[in-house]
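# Remarks on the overall topology
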Amino acid sequence: MHASSYSAPPWTAPTAATALNAVVPIPGSKSLTNRELILSALADSPSLLRGALHSRDTDLMIRALTQLGAQIEIRGTEAAVRPLPAQTEVLDAPVPDTPLHIDCGLAGTVMRFVPPVAALLHRHVAFDGDAAARRRPMEPLLEALRGLGARISSATGGLPFEIASGTRLRGGALQITAAASSQFVSALLMVGPLLPGGLRLEDQGPKPPSLPHIEMTLDCLKLRGVPARAIDERHWEVEEAPIRGRELSVEPDLSNAAPFLSAAAVTGGKVGIPDWPTRTTQVGARFPGLLTRLGAEVEQDQTGLFVRGTGTLHGIEIDLGEAGELVPTFSAVLALADSPSTIRGVGHLRGHETNRLRAIVEDLRALGGRAEELEDGLRITPVPLHGGLWKAYGDHRMATAGALLGLVVPGVVVDDIASTTKTLPNFTDLWTGMLAA
């Protein structure tokens, strides 16, 4: 799917006539799928990924890695990956007159994870994406790659940019400022094992957001035989080592499960997610605990995890700096609580698919809600809501937040439900199936 914008008619969110009682299977994690695709492409032997997500973000990643020389075969929810050519093979090959053109869409994992791979392979590559992607932070990563020896040209410090061919990256110590995105750190760590002497990263800025995503990257590397560790919250290192090919299973996307679990909390029903992992680095694993703090009940057994709404939702004051991707869904739940709430530590959400803080405030106000944007978060004061247009701003998590409110507020119309194809292409089928159950 290639488009700078999605095209679909506005979608009227269905209202729940009764309390829900459903089990909803959630496809594989986008964060894990795209990390494992990168590592499989860099590995020393083929890999097989079971349960891999098939969505716009993963399609863009597969296309980018295929352009660079990997061979990826999709068989249902399996992805068989033959690695990229060896660095020396690419360096010795003739340099094409024109660069490869890689479309990043709106995928942060593509625009940040693929450039270090292109630089490692000495490829001449031009990167661009959707109009909104050009506003997403990139400059700290590009500067870090220059520090490793890459030659990069960019008029804006972000997309579009080009990486020149014919230079060998060096390893060793490197400083970076990752306050805008933890993906900068993950992107460098994944190529670190193939750099001479490995890589030692030091973050010089404020504490990076979403540290669990860096932990996820380190865990993926260690599972492939790479010595990798976090020294503390600002220092990470990976040793020079081969990245092993592997057969592995991708966990369900726990952040994509959040709207479905929230549906139980706001309707007073019960919703389950099968195959919920007992150990995971996914930040979405924190969401059930957040719902219990609001008043919902959570239970987990060998079949999955279940949330039951109790008819009560309390306001909360909370720092979600390490779980920013959960904020749109959580904000929708808080708008239905019995008292005000404050979310802090999420100023970095202004640099995501859209300015999520501003988008949440504007959308809630459009439905008659009371919300205000803080320097590093949001304040939400619950009041009765009415139907109206909920703008997704091309952001999959904003779209699903609108669907969630539509369960209890008749007449909510999401302008761009097709934006959910970014990470959950069958969202509307799963949503209506949950209601039908």
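Basis of the calculations
- Residues numbered from 1 in each chain as written.
- Predicted model: local features only at pLDDT ≥ 70, side-chain atom pairs only at ≥ 80, totals over all residues.
- Heavy atoms only, no water.
- Axes fitted to C-alpha atoms, helices over the stretch in contact; angles between N-to-C directions.
- Helix = DSSP H or I, 4+ residues; strand = E, 2+ residues; numbered from the N terminus.
- Parallel < 35°, antiparallel > 145°, perpendicular 65-115°, else oblique.
- Left-handed = near helix turned anticlockwise from the far one by under 90°.
- Contact = heavy atoms within 4.5 Å.
- Salt bridge = Lys/Arg side-chain N within 4 Å of Asp/Glu carboxyl O.
- Buried < 20%, exposed > 50% of the residue type's maximum accessible area, 1.4 Å probe, protein only.
- Pairing = 2+ DSSP bridges.

## Points about the packing of helix H8 (residues 254-267) against helix H13 (residues 427-436)
- Their axes nearest at 11 Å, the elements H8 and H13 cross at an angle of 20°. When the axis of H8 is compared with that of H13, the two are roughly parallel. Judged by the sense of rotation from one axis to the other, the crossing of H8 with H13 is right-handed. Facing H8, whose interface residues are Pro259, Phe260 and Ala263, H13 presents Phe427, Leu430, Trp431 and Met434.

## Observations regarding the pattern of salt bridges
- Throughout the structure, instances matching the rule amount to 24 salt bridges.
- Linking Arg75 and Glu78 is a salt bridge whose minimum nitrogen-to-oxygen distance equals 3.9 Å.
- Since its relative accessible area comes to 39%, Arg75 is described here as partly exposed.
- Here Glu373 makes a salt bridge to Arg350, at a shortest N to O gap of 2.9 Å. Here Glu373 is found in strand S20 (residues 370-373), whereas its partner Arg350 is found in the loop between strand S19 (341-344) and helix H11 (356-366), with 23 residues between them in sequence.
- With relative accessibility at 31%, the residue Glu373 sits in the partly exposed group.

## Description of helix H6 (residues 183-191)
- In terms of burial, H6 is a largely internal element, nine of the nine residues being buried.
- Among all positions in H6, only Gln183, Phe184, Val185, Ser186, Ala187, Leu188, Leu189, Met190 and Val191 are buried.

## A word on the sheet that holds strand S10 (residues 172-176)
- Sheet architecture is open: four strands sit in the order S10-S11-S13-S12, paired in mixed fashion. The open sheet is flanked by S10 and strand S12 (228-232), the only strands paired with a single partner. Each strand of the sheet is rotated relative to its neighbour by a mean of 20°, with strand direction disregarded.
- Of the pairings in the sheet, the one linking strand S11 (residues 199-203) to strand S13 (residues 235-238) comprises four bridges and is antiparallel in character. Among the inter-strand pairings, Glu202 is bridged to a residue of S13, identified as His235.
- Against the sheet, H6 makes contact with S10, S11 and S13, and its axis sits at roughly 170° relative to S11, the strand it touches most.

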